[in-house]
Every structure is written in C-alpha cells, then in structure tokens.
Amino acid sequence: MHQYKGRLIVHTGSMFSGKTSSLEGDVKRFSIAGYRVLVFKPSLDTRCGADEILSHDKKSTRAYALEDLREIYDYLKEKEVQVVAIDEVQFLSNPSEEVVEILTDLCSQGITVIVAGLDMDFEGRPFEITKELMPVADYLHKHHAVCTGCGTDAWVSHRKTKDKNRVVLGATEEYEPLCRACYEKIEKRD
Ligand SMILES: [Zn+2]
C-alpha cells in the first residue's frame, strides 16, 4: 500500500476537454486506495461555492480556496496528507517559478500532486504556469474537447465574444472548442 509517492500528475487541455473530471477521477481513485487527499483551487475561480470545484458535467468535489499557493503548507501541517489536487492552476496568483518550486517541494516530501489547468488562452497563447509544469510532470495528460466546427479533436477554447480580457470567469457559454483548422478559418473571417 501507499507506494505511490511524490509524483506530479498534470491534466491539461482546452475548456470542455474533461480536465477537471479527470482530476476528480484521480482524487476518487486515490481516496478509494486509502490515501489522504486534499483538493484545492485558486480563490479567483468563484464559479461555485468557495469550498467546492465544479466540472462541466456538474459533479462537485469539496475543495479549499487558495489566495496564495503558499497557504497550502498550513493545510499540510494539520493533517497527514499524501495527495494534493489543485484545479485551475493557471489562475494561481503566484509567479510560475514559485508554483513550480512549491509543487516540486511537495513532491520531494513524498506528496503526490495532481493539477488540472488550461494549456492556452482563447488566442492560443500558452498559460505560463501550465507551460512550466508540463515538462517536469511525471505523468502528463493532454485532453481534447470535440471541435464544434467539424467534430474532430479540439485544440483551443475560442471566445465567441470580443472581450479581450485574458480571464473571463464562469462565462463558459462564451467559449467553443475548435480544432486548429476551424479556429484559423474563424480568425480569418473576423
Ligand atoms: Zn474543426
């Protein structure tokens, strides 16, 4: 039992690709196997109550909100945690080097870390934190939504409105997953 120690598992991909559901699936599997698991999310993501995460398939999991990733150490002090899961890592307020440093430190302490995060914003630019975590992961899973244009694997979460803010939270109806070809077609038309 409990041979699974200090691994970094990264779930990434576009919106509607099932990243959060996959993170929850891992959380469930580790819990069933008897590991002590804690789930976190950046406090910026307030789509639902401060203490749960919600995947698009409407399943919810209890999660602690983090203003700053360093707060995670307070939670770990209190309990003997073996696995931590963090949803929406791209929304953490810490600089990406600090995120890598903290998560690497947790792994060095024997804690397995599962994260889920968007790989790119709506213009196809990588999110810095995800970009830094992908190469150092032990296990990297890139998930794909279905392109609403042609039904193949999607590549990016295209924003249907003209809002240029990088982060528009909760407005999932404003996005559509598109493959590269369909995205380029739409970009040329606009
Ligand atoms: Zn397509």
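Small disclaimer: the values here were computed from a predicted structure and weren't measured.

The rules behind each value
- Residues numbered from 1 in each chain as written.
- Predicted model: local features only at pLDDT ≥ 70, side-chain atom pairs only at ≥ 80, totals over all residues.
- Heavy atoms only, no water.
- Buried < 20%, exposed > 50% of the residue type's maximum accessible area, 1.4 Å probe, protein only.
- Helix = DSSP H or I, 4+ residues; strand = E, 2+ residues; numbered from the N terminus.
- Arc of directions from axis to C-beta.
- Donors = N, O, S within 2.8 Å, 3.2 Å for Na, K, Ca; no water.
- Tetrahedral: all angles 85-135°; square planar, octahedral: opposite > 155°, others 65-115°.

Student: Please explain helix H5 (residues 180–189) as it appears in this structure.
Tutor: Restricting attention to buried positions, one finds in H5 the residues Cys 182, Tyr 183 and Ile 186. Burial along H5 is one-sided: seen end-on, the buried residues are contained in an arc of 100 degrees. What points out from H5, more than 90 degrees from its buried face, is the exposed set Lys 185 and Lys 188.

Student: Help me understand the coordination of the zinc ion in this model?
Tutor: For the zinc ion, the full set of protein donor atoms is Cys 147 (SG), Cys 150 (SG), Cys 179 (SG) and Cys 182 (SG), at a range of 2.3 to 2.4 Å. Because the angles between the four donor atoms bound to the zinc ion fall within 103 to 116 degrees, the donor set is best described as tetrahedral. Counting the intervening residues between successive donors of the zinc ion yields the motif C-x2-C-x28-C-x2-C. Highlighted residues: Cys 147 in the loop between strand S8 (139–143) and strand S9 (156–159) and Cys 179 in the loop between strand S10 (175–178) and H5, separated in sequence by 32 residues. An identical accessibility class is assigned to Cys 147 and Cys 179; each is buried.

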